[in-house]
Amino acid sequence: MATAVKRLLSYRIRKKAARLGIRYQFVFMRASAEQLDKISLLIESGAIRPIVDRIFPFDSTADALAHV
């Protein structure tokens with residue numbers, strides 16, 4: 001995904017994170033077992049901490065993207 005699109009999608013959260021002194025990075029993944037293994041290790045080690053603030057059913061994908 002183009003960098004400009006990622007920056008646009010994450011603008012509000014990046015601004016809020018900066019205001020709170022929190023480092024934030026927006027991540028898009030492709031389907032890859034190797035990537036999933038690496039991310040699992042990072043989560044399990046505590047190096048990254050995913051935050052889930054809301055869960056959407058699959059048929060509400062458009063709402064989920066709007067929430068981002």
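Here we summarise the structure given alongside this text. (Residues numbered from 1 in each chain as written. Predicted model: local features only at pLDDT ≥ 70, side-chain atom pairs only at ≥ 80, totals over all residues. Heavy atoms only, no water.)

### Brief notes about the overall build of the protein
Link 1 in the chain: Within the protein, the regular secondary structure consists of 4 helices and 0 strands.
Link 2 in the chain: Sequence-ordered secondary structure for the protein, helices as α and strands as β, is α-α-α-α.
Link 3 in the chain: Taken as a whole, the protein presents about 6400 Å² of accessible surface, with 59% of it coming from carbon and sulfur. (Helix = DSSP H or I, 4+ residues; strand = E, 2+ residues; numbered from the N terminus. Areas by Shrake-Rupley, 256 points an atom, 1.4 Å probe, with all protein chains shown as cover.)

### Here we look at the pattern of salt bridges
Link 1 in the chain: Within the structure shown, the criterion is met by 1 salt bridge.
Link 2 in the chain: Note that Lys 38 and Glu 34 form a salt bridge whose closest N and O atoms lie 3.3 Å from each other. Of this pair, Lys 38 and Glu 34 both sit in helix 3 (residues 33–45), 4 residues apart, roughly one helical turn. (Salt bridge = Lys/Arg side-chain N within 4 Å of Asp/Glu carboxyl O.)

### A look at helix 3
Link 1 in the chain: Here helix 3 contains 13 residues, and its C-alpha end-to-end distance of 18 Å stays within 8% of the 18 Å for a straight helix at 1.5 Å per residue.
Link 2 in the chain: Counting buried positions along helix 3 gives 0 out of 13 residues, so the element sits mostly on the surface.
Link 3 in the chain: Directly beyond the C-terminal end of helix 3, a positive phi value near 85° is found at Gly 46. (Expected span 1.5 Å × (residues − 1). Buried < 20%, exposed > 50% of the residue type's maximum accessible area, 1.4 Å probe, protein only.)

Such coordinate-based values are descriptive only and should not be taken to indicate function.
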